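A closer look at the structure
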Amino acid sequence: QVQLVESGGGLVQAGGSLSLSCAASGRTFSAYNMAWAWFRQGPGKEREFVAAIGWAGNTYYADSVKGRFTASRDFARKTTYLQMNSLKPEDTAVYYCAIGPPGAVRSANAYNVWGQGTQVTVSS
């Protein structure tokens, strides 16, 4: 089956940067015609949308991260990335990557496969 493995989380000072990776594996998986997304869930909070890449390559961002985070993808490696700059303490959360059908963008319940999550902690 298709699996997503995340890496790159850690602890960083406010104003610093981290880069997250999400690698897909599976015999029948294709990086094409899929939506890729990043969500996060902070302590005591609901899971929220962070960023997404539509099947055509369009990118979408939550207002809270726009201008600071950049999502990208590599078809050959079947990997999506989230570059996080100018990190703030409120960015502290477990970050999850996900893949879904082309129509999926911001809604978590539209995505089919999820990564295991990686912890990002931003100290003040």
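What this report covers is the structure whose coordinates are included nearby.

Procedures and definitions
Residues numbered from 1 in each chain as written. Predicted model: local features only at pLDDT ≥ 70, side-chain atom pairs only at ≥ 80, totals over all residues. Heavy atoms only, no water. Helix = DSSP H or I, 4+ residues; strand = E, 2+ residues; numbered from the N terminus. Buried < 20%, exposed > 50% of the residue type's maximum accessible area, 1.4 Å probe, protein only. Areas by Shrake-Rupley, 256 points an atom, 1.4 Å probe, with all protein chains shown as cover. Lys, Arg positive; Asp, Glu negative; His and termini not counted. Charge placed at Lys NZ, Arg CZ, Asp CG, Glu CD. Core = buried A, V, L, I, M, F, W, Y, C linked by side-chain atoms within 4.5 Å. Contact = heavy atoms within 4.5 Å. Pairing = 2+ DSSP bridges.

Glancing now at the overall build of the chain. Secondary structure assignment for the chain yields 0 helices and 11 strands. Helices and strands appear in the chain in the N-to-C order β-β-β-β-β-β-β-β-β-β-β. By its C-alpha atoms, the chain is 45 × 25 × 25 Å across when sized along the principal axes. Burial status across the chain gives 42% buried among its 124 residues. Carbon and sulfur atoms make up 48% of the accessible area of the chain, which totals about 6300 Å². Computing the positive centroid from 11 side-chain charges and the negative centroid from 7, the chain places the two 7 Å apart.

Let us look at the nonpolar core. Residues Leu-4, Val-50, Phe-69, Leu-82, Met-84, Tyr-95 and Tyr-111 are the most contacted members of the largest nonpolar core, which totals 35 residues. Listed by contribution, the elements that provide at least two residues to this core are β3 (18-25), β4 (35-41), β5 (48-53), β7 (69-74), β8 (79-84), β9 (93-100) and β11 (118-123). Filtering out sequence-adjacent residues up to four positions away, Leu-4 remains in contact with Cys-22, Ala-23, Ala-24, Trp-36, Cys-97, Ala-98, Ile-99, Val-113, Trp-114, Gly-115 and Gln-116.

Across 6 bridges, the pairing between β3 and β8 is antiparallel. The residue bridging Leu-20 from the neighbouring strand is Leu-82, located in β8. Inspection of the sheet shows β7 paired to β8 by 6 bridges, in the antiparallel sense. Note on β8: the bridge partner recorded for Ala-71 is Leu-82. Taking the residues between adjacent antiparallel strands as the criterion, β7 and β8 are bridged by 4 residues, where Lys-78 takes a positive phi near 50°.

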